[in-house]
Amino acid sequence: METNDNLYKIRHSLAHILAQAVLEVRPGSKLGFGPPIENGFYYDFILTEPLHEDDFKDIEKRMKAIIKNKQVFEKEDLKFDDAMARLEAMGEPYKQEYAKELFEKHNLEYLTFFKNGSFVDMCEGPHVENTKKIHPGCFKLKSVAGAYWRGSSDNQMMTRIYAWAFETKEELKEHVAAYQEALKRDHKKLGKDLDLFHIDDEIGKGLPLWLPNGTVIRDELEKFMRELEFKDRFQRITTPCLTKVQLYEKTGHLPYYAEGMFPFMEVKENEQDGHHTNYVLRPMNCPHHHKVFDSRKRSYRDLPIRFAEYGNVFRYESAGSLSGLLRVRGMCMNDAHIYCAEDQIEEEFLKVMKMHETVYHTLGLHNFWMRLSTWDPEDPKGKEKYVDDPAAWESTQDKVRAAMVKSGLPFNEVKGEAAFYGPKIDFQMKTVTGREETISTNQLDFAVPERLGLTYTDKDNEQKTPYCIHRAPAGTHERFVAFLIEHFAGAFPTWLAPVQVMILPVSENVLDYCNDLIEALRDSFVRVEIDTSNDSFNKKIRTNSKKRIPNMLIIGDKEAEEGTVTLKRYGIQEQDQFSKEEFITMLMDKIKNRTLES
RNA sequence: GCUUACGUGGCUCAGUGGUAGAGCACUUCCUUGGUAAGGAAGAGGUCACGGGUUCAAUUCCCGUCGUAAGCUCCA
């Protein structure tokens, strides 16, 4: 605990030192906020002239000089008038704005300032005693980026400088090395290296093309999910990507999501009565599934009804947020909707969580966490953001929470992140670059079925509205595969691997035997290839290792004579020899059981 | 959408005010090699696109498109 406090002080103090150095290089620049963050700190500026990463060396040098100077952090508390006068004298309009707010909205008596050397900053602290308490080699400037003042896009864009900082030089080194190592797993890089997907300007940004190798991974995931869904008694349906806009007026989605949809297509079909029909690419599948529910009369005996579809949806995501497969404009969702009665909610939600557990366990995924997003009754914009039905919010949240507790999966709660129609459980993960993304999202919907007039006939012959659980354990193919690429660093387990077996003939004499092998494996639907290139044997080992092929079969005279194979698995030094039959049985077993090892 | 940077053969990148280069990949030939690059030859680029400055622009300037990091957004 103490060390953490110390680290916090170091990062906080370094933020001041950074600002101090930046003001030396760009005098007259204005200060924003400069807090400690995970792995370091940042500081926001309005600069008199842009800074570039080339300037980092100079700034770091100045920061080190300040550290060596043993400047003492002196605390000073100022009342409103003095504080405002001080900030005025400092010429810091943004700090002034914030100070005013602190005094007026939060009724503070005084504000704290810290002075070190010639530099003064309004700040709560705490700081290290003096700058010499910081190891001069324990920080490194990372990047320069834009950030809105106070996080609002209505405000001015400031320049943010990010930095890493730790207690020791060694920790910094370790962290930077780990980060650089992580970047090698970036799905955009591996997607190219391993021919998984391609994004083409002439198709459009955020609209990835899945190459043969990437499509194998999608298909295998889809097969996996289909099996799980079959076992949990989901029924598959197929619905179109295009729909009339009116559908979303009726569901109530339109006011919330019009901005996130592609522009409407005006179809001039019935112009005689002065009407056009507007069509739009669907941004979600739910209303289509609701319409399938509504295609006939339903009885309470039919519930729960579970409709599943790997459905394509399109969202007009802002250009600047698009990134590889992680943020796209066209995506394919592992979607399903469960229509159930109130007393079935908990059990169904629990089953959904259990399916998540199976999926994530099978894939060996551990670096994610769960978040229960609830309605925020205090949100001033709550009436616009959420369906106005406090009782329904409370009761559905309780049911979801109860199911989560029963599932035994750890989760935390966040107010104000719910969907407009109900509470939500998200599975969150971090990309190699440290950005947080949602990998799976599940909601309990108490509002839209009613708006669409969905009903079932209950025991008492009354028409009742079903609840709807939206679930997508494997999220979208795009984001989920991106996550898997980074998770496996491109070295997929055999069942997922685009090429499962690569045969490396040592010489041309054994080609007949190799072809027998290929035929036997293909009869079992194994994705097998043979490397008949003119390359040397060494080169073949290298090339196929770099492709992260999970199983390489070395076939020479010895193997051909004995009817055996020598198996070299990805990332494993030792090799094993098996009879042809033994190998095929073992391989089929691994594929069938979806084992994690290659 | 915003801030900053970047855009040179399929990939990774060098370079220049006088219309381009490397390595890998690719093609052909030689080599049939037992565990991470065998050898040789060859083909491949309107230097993202549009405009401007200039005798001359891939290089300088402006715009557009695209990409990256971050911010905003993220059903």
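Remember, it's a predicted structure, so these values are computed and weren't measured experimentally. (Residues numbered from 1 in each chain as written. Chains lettered and ligands numbered in written order. Predicted model: local features only at pLDDT ≥ 70, side-chain atom pairs only at ≥ 80, totals over all residues. Heavy atoms only, no water.)

Colleague: With reference to specific residues and values, describe the domain arrangement of chain A.
Modeller: Accessible area lost upon the coming together of the parts is a frequently used measure of interface size. Here the domain parsing of chain A yields domain 1 (6–179), domain 2 (197–488) and domain 3 (494–593). Placing the centre of domain 1 and that of domain 3 at their C-alpha centroids yields a distance of 58 Å. (Domains from an automatic or database assignment.)

Colleague: Tell me about the packing of aromatic side chains, and name the residues and values.
Modeller: Applying the stated criterion across every chain, the model contains 23 aromatic pairs. Ring centres of Y256 and F420 lie 4.1 Å apart, and the angle between their planes is 15 degrees; this geometry places the pair in the stacked category. One end of the pair, Y256, is in helix α9 (residues 253–257); the other, F420, is in the loop between β18 (411–415) and β19 (424–430), with 164 residues separating them in the sequence. Residue classification places Y256 among the partly exposed positions, given a relative accessible area of 26%. Both rings, one in F368 and one in F427, keep their centres 5.7 Å apart while their planes meet at 25 degrees; by these two values the pair is stacked. Remark: F427 occurs in strand β19 and F368 occurs in strand β17 (residues 368–374); sequence separation between them is 59 residues. (Phe/Tyr/Trp six-rings, centres within 6.5 Å; stacked < 30°, edge-to-face > 60°. Helix = DSSP H or I, 4+ residues; strand = E, 2+ residues; numbered from the N terminus. Buried < 20%, exposed > 50% of the residue type's maximum accessible area, 1.4 Å probe, protein only.)

Colleague: Give me the sheet that holds strand β13 (residues 265–267): which residues, what numbers.
Modeller: The strand order across the open sheet formed by three strands is β12-β14-β13, and the pairing between neighbours is antiparallel. Looking at strand neighbours, the two that pair on one side only are β12 (242–244) and β13, the edges of this open sheet. Between one strand and the next, the sheet's axes are offset by a mean angle of 35 degrees, whatever the strand orientation. With three bridges joining them, β13 and strand β14 (residues 277–281) adopt antiparallel strand pairing. If you follow V267 over to β14, its bridge partner there is T277. (Pairing = 2+ DSSP bridges. Axes fitted to C-alpha atoms, helices over the stretch in contact; angles between N-to-C directions.)

Colleague: I'd love a proper account of unusual backbone geometry, names of residues and values included.
Modeller: Omega for the peptide link from L303 to P304 comes to -10 degrees, which places this bond in the cis form. Counting through the fold element by element, P304 comes out in the loop between α10 (286–293) and β15 (305–314). Unlike most non-glycine residues, R150 shows phi in positive territory, near 60 degrees. Structurally, the position occupied by R150 is in the loop between β7 (139–148) and β8 (157–165). By relative accessible area, which is 32% here, R150 ends up partly exposed. The phi dihedral of R548 falls on the positive side, at around 60 degrees, and the residue is not glycine. Relative to the elements of secondary structure, R548 occurs in the loop between α17 (537–546) and β26 (551–555).

Colleague: I'd love a proper account of the protein's contact with RNA strand B, names of residues and values included.
Modeller: Looking at RNA strand B, there are 51 residues lining it, with Y148, V506, E508, K539 and Q575 nearest. Those atoms of RNA strand B that come within 4 Å of the protein belong to sugar or phosphate at a rate of 47%. Residue Y148 places a side-chain N or O atom 2.3 Å away from a base nitrogen belonging to RNA strand B. D557 has a polar backbone atom sitting 3.2 Å from a base oxygen of RNA strand B. For the surface near RNA strand B, the leading source of residues is α17, giving seven residues. When the residues that make up the surface near RNA strand B are grouped by side-chain class, the tally is 15 nonpolar, 19 polar and 17 charged. (Near = heavy atom within 4 Å. Polar contact = N/O pair within 3.5 Å; in protein donor to acceptor, adjacent residues only side chain to side chain. Nonpolar A, V, L, I, M, F, W, Y, C, P; charged D, E, K, R; others polar.)

Colleague: An account of the sheet that holds β26 is needed here, citing residue identities and associated values.
Modeller: With respect to topology, five strands assemble into an open sheet ordered β25-β24-β26-β27-β28, the strand pairing being mixed. Each edge of the open sheet is held by one strand with a lone partner, namely β25 (528–530) and β28 (575–579). Ignoring which end each strand starts from, the neighbouring axes of this sheet average 30 degrees apart. As paired strands, strand β24 (residues 501–505) and β25 are joined by three bridges and run parallel to one another. Counted as the bridge partner of V501 is V528 from β25. Packing of α17 onto the sheet brings it into contact with β24 and β26, and relative to β24 it is tilted by some 170 degrees. Sheet strands touched by helix α19 (residues 580–593): β24, β26, β27 (564–569) and β28. Its angle to β28, the strand with the most contacts, is close to 110 degrees. (Contact = heavy atoms within 4.5 Å.)

Colleague: Tell me about a negative patch on the surface, and please be specific about residues and values.
Modeller: A surface patch of like charges, here negative, comprises D512, D516, E519 and D523. For E519, the position within the fold is in helix α16 (residues 511–523). (Patch = residues over 30% accessible without salt bridge, like charges linked within 9 Å, V, L, I, M, F, W, Y side chains within 5 Å. Areas by Shrake-Rupley, 256 points an atom, 1.4 Å probe, with all protein chains shown as cover. Salt bridge = Lys/Arg side-chain N within 4 Å of Asp/Glu carboxyl O. Lys, Arg positive; Asp, Glu negative; His and termini not counted. Charge placed at Lys NZ, Arg CZ, Asp CG, Glu CD.)

Colleague: Would you mind going over the side chain of K580 in detail, with residue names and values included?
Modeller: If you trace the backbone, K580 turns up in helix α19. E581 provides the closest opposite charge to the buried, unpaired K580, separated from it by 5.0 Å. Not counting the four nearest positions on each side in its chain, K580 is found in contact with Y513, D516, L517, A520, G563 and T564.

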